[in-house]
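Remarks on the overall topology
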Amino acid sequence: MSQLFAHPVLAPWSSDYIPTTSFSIETGESVPADLLADRLSIPISYDLQCGTLDSMVKSGSASFAVLAASPRTMVRQLYQHRDTSTSDEVVALRMSDFAHDITLTPFITATHSVVLPVTDEHDREFHEAGRTEFELPAGAVLAVGDGIKLSSDQGNVTSIIDIVASSRIEPGQFMLDYEDTRIKVLVNSDDQPALKTMRAGSPIARATLHPSLYLHAVVGAISNLSERRDSAWASVVASALESHGIDVEDERTAQDAHIHAQKLLEGPLGHLLTTFAETGNDD
């Protein structure tokens, strides 16, 4: 029986339910909802093999939830499943909050004060103790599944760069700001709409931003890395460097920032030329 709760809980570490019951989640391919919008979309599907809890979920007295956690940034977010007609959903995470591994742990919780009946799916000890039901408060944990680990797309360093309007910037110019949790490219207020359109536009428009804006931003980020290691953007940049075998503690890394930045952006000039050719604009 569970040693953590006074009521039955379906979990891998608990014997409160018979062995044929189970609860877990499966994930589809993790794909950024928008490569440049700092969002990682994770399709998940809850798999519940327990008639007792399944009936509670379908009646609305219990609901699925998933806890997303990052051991590196210590960010934890709980996503409550609202649609009782399906066990599928898409969890959207802010990529810069979830550096390195992401752990997803599924839960089932009571949506309000509920009565959990003791059924044939519960361990015989509950029946032998003469229990027929448990009165539980809202939020009571009914099930916990094994957590699964995913890796966020830390190679996409553009995910932690924002294009921000500023009245201090002359038209056609930009400045870089590394003082916040995210890298800010400050541009003229009249220029920002066009840049945002490019960011969300065609492949060639997006590719143009890499050598023109992002390369400068990432070069500066690598150069400032040692002074801003506690920043969220620094964690993403450091992870991307390490994934390319680049030692972030080596002082030569900052000296060669321009070379390393091109690696992190996967060759911005080559990417632009390839995209230009693929779109049929090579005349």
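Residues numbered from 1 in each chain as written. Predicted model: local features only at pLDDT ≥ 70, side-chain atom pairs only at ≥ 80, totals over all residues. Heavy atoms only, no water.

1. Topic: the overall build of the protein chain
When helices and strands are tallied, the protein chain shows 8 helices and 14 strands. Looking at the 283 residues of the protein chain, the share that counts as buried comes to 45%. (Helix = DSSP H or I, 4+ residues; strand = E, 2+ residues; numbered from the N terminus. Buried < 20%, exposed > 50% of the residue type's maximum accessible area, 1.4 Å probe, protein only.)

2. Looking at the sheet that holds strand β14 (residues 183-188)
Taken together, 3 strands build an open sheet; the order of strands is β12-β14-β13 and the sheet is mixed. In this open sheet, the two edge strands, each paired with only one partner strand, are β12 (161-166) and β13 (174-177). If you compare each strand with its neighbour and ignore which way they point, the axes differ by 30° on average. In terms of strand pairing, β12 meets β14 through 6 bridges, oriented parallel. Its bridge partner lying in β14, Ile161 is registered against Ile183. (Pairing = 2+ DSSP bridges. Axes fitted to C-alpha atoms, helices over the stretch in contact; angles between N-to-C directions.)

3. Digging into the pattern of salt bridges
This structure, assessed with the given rule, holds 6 salt bridges. Across the pair Glu179 and Arg228 runs a salt bridge, and its minimum N-O distance is 3.5 Å. Here Arg228 lies in the loop between α4 (203-223) and α5 (232-243) and Glu179 lies in the loop between β13 and β14, a separation of 49 residues in the sequence. Take Arg228: its relative accessible area is 22%, and that puts it in the partly exposed class. (Salt bridge = Lys/Arg side-chain N within 4 Å of Asp/Glu carboxyl O.)

4. Side note on the environment of Asp191
Mapped onto the elements, Asp191 comes out in the loop between β14 and α3 (192-199). C-alpha of Asp191 to C-alpha of Val164: the two residues are 27 residues apart in sequence and 9.9 Å apart in space. Not counting the four nearest positions on each side in its chain, Asp191 is found in contact with Glu170, Pro171, Gly172 and Gln173. (Contact = heavy atoms within 4.5 Å.)

5. Overview of the nonpolar core
Membership of the largest hydrophobic core comes to 34 residues, with the highest contact counts inside it found for Leu10, Phe23, Leu48, Leu53, Val66, Leu104 and Ile108. In terms of residues, this core owes the most to one element, strand β3 (residues 39-49), which gives 5 residues. Excluding residues within four positions of it along the chain, Leu104 makes contact with Ile25, Thr27, Ile42, Ile44, Val66, Leu67, Ala68, Asp146, Gly147, Ile148 and Leu150. One finds Val185, Val187, Tyr214 and Ala234 within the second-largest nonpolar core, a separate group that totals 32 residues. (Core = buried A, V, L, I, M, F, W, Y, C linked by side-chain atoms within 4.5 Å.)

6. What to know about α4
Compared with the 30 Å implied by 1.5 Å per residue over 21 residues, the 29 Å span of α4 between its first and last C-alpha is a close match. The sharpest bend along α4 reaches about 45° and sits at Tyr214. (Expected span 1.5 Å × (residues − 1). Bend = angle between axes of the 7 residues up to and from the residue.)

7. Some words on the packing of aromatic side chains
Taken as a whole and assessed by the stated rule, the structure comprises 5 aromatic pairs. Look at Phe23 and Tyr46: their rings are 6.4 Å apart centre to centre, the planes differ by 5°, and that puts the pair in the stacked class. Taken together, the positions of Phe23 in strand β1 (residues 22-27) and Tyr46 in strand β3 put the pair 23 residues apart, joining distant regions of the chain. We classify Tyr46 as buried; its relative accessible area is 4%. Judged by centre distance (5.5 Å) and plane angle (55°), the rings of Tyr178 and Trp233 are tilted. In this pair, Tyr178 sits in the loop between β13 and β14 while Trp233 sits in helix α5, placing the two residues 55 residues apart along the sequence. In this structure, Tyr178 and Trp233 share a single accessibility class: buried. (Phe/Tyr/Trp six-rings, centres within 6.5 Å; stacked < 30°, edge-to-face > 60°.)

8. A look at the confidence of the model for the protein chain
Parts of the prediction with low pLDDT should not have their coordinates interpreted in detail. With 88% of its residues at a pLDDT of 70 or more, the protein chain shows a mean pLDDT of 84. At the low end of the mean pLDDT range in the protein chain sits strand β2 (residues 31-34), at 46; at the high end sits strand β10 (residues 141-144), at 96. Below a pLDDT of 50 lies the segment residues 32-37, which in the model reaches 16 contacts outside its immediate sequence neighbourhood of four places, other chains included. (pLDDT = per-residue confidence, 0-100.)

9. Observations regarding the packing of α3 against α4
Two numbers describe how α3 lies on α4: the axes approach to 7 Å, and their chain directions differ by 120°. Regarding the angle of α3 to α4, the classification is oblique. Only Ala205, Arg206, Thr208, Leu209, Leu213 and Tyr214 of α4 make contact with α3, whose side of the interface consists of Leu195, Met198 and Arg199. Of the residues in the contact of α3 with α4, the class split is 6 nonpolar, 1 polar and 2 charged. (Parallel < 35°, antiparallel > 145°, perpendicular 65-115°, else oblique. Nonpolar A, V, L, I, M, F, W, Y, C, P; charged D, E, K, R; others polar.)

10. Details of the side chain of Ser166
Tracing the backbone shows Ser166 in strand β12. Side-chain polar atoms of Ser166 contact the backbone nitrogen of Arg168, separated by 3.2 Å. (Polar contact = N/O pair within 3.5 Å; in protein donor to acceptor, adjacent residues only side chain to side chain.)

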